[in-house]
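# Summary of the model geometry
If you want the building blocks of each chain, they are given just below.
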Amino acid sequence: MAELMIDAKDVTRNFTISRGMFRGKQQLKAVNGVDLTVERGEVLALVGESGCGKTTLAKVLLGLLPQTSGTVELCGQPINDVPRLALARTIQPIFQDPYSSLNPRKTIGSIIALPMKVQGIADQDSMRRRVEETMDLVGLPPRLYDAFPNQLSGGQRQRVAIARALVNRPQIVVCDEPTSALDVSVQSQILNLLNDLRNELNLTYIIISHNLAVVEHIATRVAVMYLGRIVEIADTDTLFKDPQHPYTRALLDSVLTPDPNMGIPNNQLGASYPNPIDPPTGCSFHPRCVNAMPHCATVAPNGKADGGHYVECHLYDDAS
Ligand code: SF4
């Protein structure tokens, strides 16, 4: 049986937003009742437009933000019970911008070694050996050990960020838009590297992206998020060949636009992304949905699972 690395149940994360001096405060549900499992070796992509909750969900799974309600288990243990250092040995992030995430005053060797120092590893020889071994794994030549970030190309800096995340050999890596800051020519090299590392180190990935070309290239399963909910989840082949949720179909159509980074063209959907502080009633996608039915505006759809393919839409209700 596959090993469960992440088991999230009914996870909600709210933020309190001030509406001004006389209008009080309001709750923004950035993540709203998400159920999610991730097995060892999977590459799960979280996709959706800016503001859909994918980054907040990833921060909850990383233990960087506590969930407001619901439970998250990491390798079988409630995340809130895992001590910080143990958590950092288990799950690590790779941020999207290798330009701003590397300290310009530190050498590459010391940037990659930092997570080992945080874990209290003090032996200089073993630290250097592990850093050099990790540089080799990610394709960085040893001569860069004493170089500074400004002497490296964008692709090399992203390799440094990957090496830093992997130096303590975590089991799960969360990659937030891992290639969006890179030239197109370098993007596929980094994606291929992530794939190779996954096989070599038996890693599990969560990839956050709004670029479906990247997702199709690397993910084994895709979760589509809209206004804090997972509205469809399926293995990558199924999702790309047989998308069921109208939002997923619109997302896939947006790939055909000249710039895949631009997300969903609003003219196709007829309305812009709603304000998450004041989400639409019923199915939250109904103001933009080309298939909306009268009851979509008042009744939220229940999810329906067919094997591993889950979709949350009234089109698939048994009685519709
Ligand atoms: Fe569209 Fe209705 Fe399905 Fe929502 S429930 S996606 S509005 S058809």
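Before reading further, recall that the structure is shown in the block above.
Residues numbered from 1 in each chain as written. Predicted model: local features only at pLDDT ≥ 70, side-chain atom pairs only at ≥ 80, totals over all residues. Heavy atoms only, no water.

### Some details on the state of the cysteines
Counted according to the given criterion, the structure contains zero disulfides. This cysteine, C175, is not joined by any disulfide, and C75 carries the nearest cysteine sulfur, 16 Å off. The class for C175 is buried, based on a relative accessible area of 0%. (Disulfide = S-S within 2.5 Å. Buried < 20%, exposed > 50% of the residue type's maximum accessible area, 1.4 Å probe, protein only.)

### A closer look at the site of the ligand
Taken together, H245, P246, C283, F285, H286, C289, N291, A292, C296, C313, H314 and L315 make up all the residues around the ligand. Within the shell around the ligand, the residues separate by chemical class into eight nonpolar, four polar and no charged. (Near = heavy atom within 4 Å. Nonpolar A, V, L, I, M, F, W, Y, C, P; charged D, E, K, R; others polar.)

### Let's talk about the nonpolar core
Within the largest apolar cluster, 90 residues are counted, with the highest numbers of intra-cluster contacts made by L36, I112, I162, L197, Y205 and V222. Residues in contact with Y205, not counting those within four places in the same chain, are E42, V43, L44, V173, C175, L194, L197 and R198. (Core = buried A, V, L, I, M, F, W, Y, C linked by side-chain atoms within 4.5 Å. Contact = heavy atoms within 4.5 Å.)

### Here's the deal with unusual backbone geometry
In the Ramachandran plot, D10 falls in the positive-phi region, its phi being about 50° despite a non-glycine side chain. Along the chain, the position of D10 falls in strand β1 (residues 4-18). The phi torsion at N202 lies on the positive side, around 55°, for a residue other than glycine. Of note, N202 is situated in the loop between α6 (184-201) and β8 (204-209). A residue is classified by how much of its surface remains accessible, and N202, at 41% relative accessible area, is partly exposed. (Helix = DSSP H or I, 4+ residues; strand = E, 2+ residues; numbered from the N terminus.)

### Remarks on a nonpolar patch on the surface
Taken together, the side chains of L85, L114 and V118 make up a nonpolar region of the molecular surface, amounting to roughly 260 Å² of accessible area. Considering the arrangement of structural elements, one finds L114 in helix α3 (residues 108-118). For L114, a relative accessible area of 46% corresponds to the partly exposed category. (Patch = residues over 30% accessible without salt bridge, like charges linked within 9 Å, V, L, I, M, F, W, Y side chains within 5 Å. Areas by Shrake-Rupley, 256 points an atom, 1.4 Å probe, with all protein chains shown as cover. Salt bridge = Lys/Arg side-chain N within 4 Å of Asp/Glu carboxyl O.)

### Description of the packing of helix α5 (residues 154-166) against α6
Relative orientation of the contacting elements α5 and α6 amounts to 20°, with a least axis distance of 10 Å. In terms of orientation, α5 and α6 fall into the roughly parallel class. Viewed along their axes, α5 and α6 form a crossing whose handedness is right-handed. Contact residues: α5 offers G155, Q158, R159, I162 and L166, while α6 offers V186, Q189, I190, L193, L194, L197 and L201. When its residues are assigned to classes, the contact of α5 with α6 shows eight nonpolar, three polar and one charged. (Axes fitted to C-alpha atoms, helices over the stretch in contact; angles between N-to-C directions. Parallel < 35°, antiparallel > 145°, perpendicular 65-115°, else oblique. Left-handed = near helix turned anticlockwise from the far one by under 90°.)

### Quick word on the pairing of strand β12 (residues 309-312)
Where strand β10 (residues 229-235) lies against β12, two bridges are found, and the strand directions are antiparallel. Counted as the bridge partner of I233 is Y310 from β12. Bridging between strand β11 (residues 303-306) and β12 involves four bridges; their strand directions are antiparallel. Counted as the bridge partner of K304 is V311 from β12. The turn joining β11 and β12, which pair antiparallel and follow one another in sequence, is formed by two residues; a positive phi near 65° is taken by G307. (Pairing = 2+ DSSP bridges.)

### Concerning the sheet that holds strand β9 (residues 221-226)
Pairing within the open sheet is mixed, and its eight strands lie in the order β6-β7-β8-β3-β9-β10-β12-β11. Each edge of the open sheet carries a strand with a single partner, namely β6 (91-94) and β11. Taking each pair of neighbouring strands and ignoring which way they run, the sheet shows an average axis angle of 20°. Relative to β8, α6 is tilted by about 160°, and along the sheet it contacts β3 (43-47), β6, β7 (172-176) and β8.

### Thoughts on the packing of aromatic side chains
As enumerated under the stated definition, the model contains three aromatic pairs in all. Seen from their ring centres, Y226 and F285 are 5.0 Å apart, and the 80° between their planes marks the pair as edge-to-face. Here the residue Y226 occupies a position in strand β9, and F285 occupies one in the loop between α10 (266-269) and β11, the gap between them amounting to 59 residues. Grouping residues by exposure puts Y226 and F285 together as buried. (Phe/Tyr/Trp six-rings, centres within 6.5 Å; stacked < 30°, edge-to-face > 60°.)

### A short note on the pairing of β7
Here is the key point about a regular strand: its side chains alternate between the two faces of the sheet. The element β7 is largely enclosed, with a buried count of five among its five residues. Of the pairings in the sheet, the one linking β6 to β7 comprises four bridges and is parallel in character. By the bridge assignment, P93 is partnered in β7 with V174. Pairing geometry for β7 and β8, over five bridges, is parallel. Within the sheet, the bridge partner assigned to C175 lies in β8 and is I207. Handedness of the crossover joining β7 and β8 through α6: right-handed. (Right-handed = clockwise from strand over helix to strand, strands pointing away.)

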